[in-house]
Amino acid sequence: MKKVLLVILLLLSIPALAVQPDEILKDPVMETRARDISKQLRCLVCQGEDIDESNAGLAGDIRKLVRERLVAGDSDTAVLAFVQERYGDYVLMNPPVKPATWLLWGAPLLVLLAGFGVALRYLRRLPKGDE
Amino acid sequence: MNTRAFIPFGIFICMIGLFAVPLLQGKDPAILPSAMIGKQVPEFTLPMATGDGKLATADMLHEGKPFLVNFFASWCVTCKGEQQVLAKFTQKTGIAVYGIDYKDTKKDVAAWLERHGNPFRATGFDEAGRIAIDFGVYGVPETFLVGGDGIIRYKHVGALKQSDMDSVFGPLLEKTK
Amino acid sequence: MIIELAHFALALAFVLSLVMAVVPMWGAAAGRISWMALGRPMAVSLCGLMTIALFGLIHAYALSDFSVLNVQQNSHTLKPWIYKISGAWGNHEGSMLLWGWMLSCWGFFLATRGRVKLPPALHARVLSVLGLVTSGFILYILVASNPFLRIDPSPREGMDLNPVLQDPLLAIHPPVLYAGYVGFSVAFCFAIAALIEKKVDAEWAAQLRPWVLAAWVFMTLGIMLGATWAYYELGWGGFWFWDPVENASLMPWLAGTALLHSAAALEKRGSLKIWTVFLCILAFTLSLLGTFLVRSGVLTSVHSFASDPTRGIFILALLGLTTGGAFLLYGLRAPHITIGTSFKPVSRETGILLNNVFLFTFCATVFMGTLYPIFLSALDMGSISVGAPYFTATLTPLLVPFAILMGIGPLLAWREASFVSIRAKLYLPLALTVALAAAIALMPWPDRVFTVTMFACAGWILFTTLSDFIRKTQRFTQIRSMPPAYYGMVMAHAGIAVLLMGATAATVWKEEKILWMTQGDTVAFAGKTLNFIGIRPDVGKNFTIERAILSLQGEKDAAPDFLLPEKRWYPAQQRELSETALKTDGFAINYAVMGDQDKMNPLRRVIRLYHHPLVLWVLLGALMIATGGLMAMASPSKSTSPSTSSAARKVQA
């Protein structure tokens, strides 16, 4: 079964082992940046978690990679782009804004406005004066 | 007839249709499409898994012919079955298969290759798994088909079966020629 | 034998549900009272048969009868008996049987209860629709997820002893949640019956409301149980992850919330008819959608059951036919429903209308975030994923106008209100909200804009609700004249505010320390001193324990608190699990987990410490919301309630 591939790596899933103390950067500002970036990257092994939470081996590798690139001087956007180039849009928890996702990002406001429109029409249809 | 009242119905039917597509295709949602397809194969230099020497991207591109890159590990249960399939493939087509050992120990991989066969022209040793990240690998085994020009054409996730080689890799190789 | 009996009962139930789907409905159409009256005994018998079926499966689990395939795959002799039983519904087939049983239970109550009797035709139609839905489910169980299959020869032992699943909360989370999901089917049946009769009125809404509230309370509690389990089990204090399956439970809850408000307006004032009917259909559609998502294999999730495309296609067909048919009927009949009682643009009805719009928008947003990746990949337009950042970015801004409305809406009079009359009531809450926002802004925490916004929203809701409550309960005569539904509203709305504040504080203000510690080490944490005293071995039922002893010392003379995180080794499964240590600290929780050990020095461990301020308010808030719903159920159903006249008096005052 195709899931066996994942099972191999999922067998490592013991709760609560994510960020290791040895990964933590000395610079607290940079470490906060690393944690924030990690929260935006999806763990491809467990797929439901971000790499900050996940204890999969791959998550740990990418966490280290994020920190390395930050220390090397990359901006937050550059680090995210680095991972996205290799793993695709799927790895970003925050979907990129591009024509294919305009509907996704626009939906909340569109639905709200449409809802107001329907409500307004309904109010107009109501009989005026006393019932 | 008030067509506006049918808007919920319309939206709903579209949604059902969109759900039906992946179900009827029988796709496994856990398998993700590769972001590296159409891109140049990553530059790397790795120590060899067996013996001395190094494996570099240049070595693979040297001949200008298409080749396979197979990520595997001795601790990977399903990788065992692939070795025979790969061996047969490389014998039949003459296409080079390069192996990259993912997060392993040299001792284990040597023993494993002894036991299950070594179809690889050369085997790189990616102990830290960093090169795998450059390829966008998220588990083993994964196999990449790279054209003679160095452009990645296709990625297969999971162990290769003979049927995969015949139905997918074969036709793709025809095209890249 | 019992399994075969259970299987037979299920098959009989299928036949009976089909009969129930046809006979009372026909009777209502033809005016045959005897046929209509058959709905009640059929619903009761159906429940009896489903109970036999479910009991049969539970019985097999309790006795560890491994000749039943389902039991063999999902149980084990070493499981404590309580988890053997809960294992019956912890798998796909068993949970579908639970779903079906719940449907029959709601049918039973629908058939036998009723404070005010339903008109016989309506009653008959509602039961028939329920029969139809139930028959679809039972057919699915019999054909594609049958838990009663046997294996021969019978194995000696079961396969599953996953310790993660052996947890009390996890055992009751599915039944409570399912009671909610399935409960919305009653609202659905009411809506279909109303559309068939082309009659939607206050009477109908009065009958509908308690069922909606009951389902909604169950859903609230079910979601709360799941979040609580996640909090203490998953090891870093998260309780909501915007996981597709979590979202699948949030969507019907949001629709259900909109529904109960809309139904209240319909019952009291005869307004918002079409909206209420639509929301009834929507809520159950989302329930079914949730069922589909978890089991079909279109999504990967921590929650999903092992998937099978054929199963998925069957459930999709079920979903398509049931709710597709419902929306089709809606399209045909909605224009025939007369528009309800009128009201002015500024009125409580408009408040509820806007409430519907906002809740629907929240629901649609969660829907898009959850399903967009599936739709994109179905159209071959790429592969994306949507996580927490999307939901917080889209929902937070919408929460602000929604919270403002939530404070003002309940103060408005029915039918015709004016801002001028309520303006005076808003000054005090506004002042208190600003004071709270200022206090929060001054605190040295990160994400100030977000925190201040959330606390301001929550504070506004809380202060407006409480000031109105105080104003309305100053004299004993007033207290007695307010219907229980009013107190329910106060409780529920206050609960939302409390939940919001707790969730914000627990996530933004959390303190986290991850470090290596060995015996004798101390570290400053949560305003106290944490001391790693040592590691002690211990033994459990089917596991060995390594327990870390951490003491948290506040003042010098105060008694220390102890946190005892553990590592458990289960030899049967060759698995190690971490047990978190939780201790309350006022309204906060201190949280400790023991991680890897140092290969060189086994006494040196990774220790993770979390301090979650106000996290108990999340639990408290959820309980308040559920309690509010229960209180609202106690209200007598009337078309014009005393609060209308008292509100009118207030307007004049």
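Residues numbered from 1 in each chain as written. Chains lettered and ligands numbered in written order. Predicted model: local features only at pLDDT ≥ 70, side-chain atom pairs only at ≥ 80, totals over all residues. Heavy atoms only, no water.

**Student:** I'm lost on the overall build of chain C in this one. Help?
**Tutor:** Looking only at helices and strands, chain C features 20 helices and ten strands. For chain C, the C-alpha radius of gyration of 27 Å lies close to 26 Å, the compact-globule estimate for 653 residues. Structurally, chain C occupies a C-alpha span of about 85 × 75 × 55 Å along its principal axes. Relative to its full complement of 653 residues, chain C shows a buried share of 60%. Across chain C, the fraction of contacts at a sequence separation of at least 24, relative to all contacts at a separation of at least 6, is 73%. In the form shown here, chain C has an accessible surface area of approximately 25,300 Å², with 68% of it arising from carbon and sulfur atoms. Of the charged side chains in chain C, 47 are positive and 34 negative; the average position of the first set lies 14 Å away from that of the second. (Helix = DSSP H or I, 4+ residues; strand = E, 2+ residues; numbered from the N terminus. Rg over C-alpha atoms; globule rule 2.2 N^0.38 Å. Buried < 20%, exposed > 50% of the residue type's maximum accessible area, 1.4 Å probe, protein only. Contact = heavy atoms within 4.5 Å. Areas by Shrake-Rupley, 256 points an atom, 1.4 Å probe, with all protein chains shown as cover. Lys, Arg positive; Asp, Glu negative; His and termini not counted. Charge placed at Lys NZ, Arg CZ, Asp CG, Glu CD.)

**Student:** How do you make sense of the interface of chain A and chain B when you look at a structure like this?
**Tutor:** Opposite the 25 residues of chain A that make contact, chain B presents 28 residues. Between chain A and chain B, a total of about 2,000 Å² is buried, with carbon and sulfur atoms accounting for 62% of that surface. At the junction of chain A with chain B, the criterion picks out three salt bridges. Inspection of the region where chain A meets chain B yields five residue pairs in polar contact (both at pLDDT 80 or more). When contributions to the side of chain A that touches chain B are tallied by element, the ones reaching two or more residues are helix 1 (4–10), helix 3 (57–71) and helix 4 (76–87) of chain A. The element that contributes the greatest number of residues to the side of chain A that touches chain B is helix 3 of chain A, accounting for seven residues. (Buried area = accessible area lost by both parts, 1.4 Å probe. Salt bridge = Lys/Arg side-chain N within 4 Å of Asp/Glu carboxyl O. Polar contact = N/O pair within 3.5 Å; in protein donor to acceptor, adjacent residues only side chain to side chain.)

**Student:** Which parts of the structure should I look at to understand the sheet that holds strand 9 (residues 588–597) of chain C?
**Tutor:** The pairing of strands in a sheet comes from backbone hydrogen bonds and takes either a parallel or an antiparallel form. Residues and elements named next belong to chain C. Reading across from one edge, 1-10-9-8 is the order of the four strands in this open sheet, with antiparallel pairing throughout. The open sheet has two edge strands, strand 1 (511–517) and strand 8 (581–585), and neither has a second partner. Going across the sheet, the axis of each strand differs from the next one's by a mean of 20 degrees, ignoring polarity. Here strand 8 pairs with strand 9 via five bridges, running antiparallel. Each residue of the ladder has a partner; that of A581, found in strand 9, is A592. On the sheet, helix 9 (residues 202–233) packs against strand 8, strand 9 and strand 10 (605–612) and is oriented at approximately 50 degrees with respect to strand 9. (Pairing = 2+ DSSP bridges. Axes fitted to C-alpha atoms, helices over the stretch in contact; angles between N-to-C directions.)

**Student:** Looking at this structure, how should I read helix 2 (residues 28–39) of chain A?
**Tutor:** Within an α-helix, residues lying three or four positions from one another point in the same direction, as the helix has 3.6 residues per turn. Between its terminal C-alpha atoms helix 2 of chain A stretches 16 Å, which fits the 16 Å expected from twelve residues at 1.5 Å a residue. Burial in helix 2 of chain A covers these residues: M30, E31, A34, R35, I37 and S38 of chain A. Angularly, the buried residues of helix 2 of chain A cover 165 degrees about the axis, an arc narrow enough to put them on a single face. Across from the buried face of helix 2 of chain A, at angles greater than 90 degrees, the exposed residues are P28 and V29 of chain A. Close packing links the buried residues of helix 2 of chain A with helix 3 and helix 4 of chain A together with strand 1 of chain C. Its side-chain oxygen placed 3.0 Å from the backbone nitrogen of V29 of chain A, D27 of chain A serves as the N-cap of helix 2 of chain A. (Expected span 1.5 Å × (residues − 1). Arc of directions from axis to C-beta.)

**Student:** For this particular structure, what's the right way to read the side chain of N70 of chain C?
**Tutor:** All names here are of chain C. Its place among the elements puts N70 in helix 4 (residues 69–74). For N70, a relative accessible area of 3% translates into the label buried. At 3.2 Å, the side chain of N70 and the side chain of E93 are in polar contact. Sequence-distant contacts of N70, defined by excluding residues within four places in its chain, comprise L57, Y61, N91, E93, G94 and P147.

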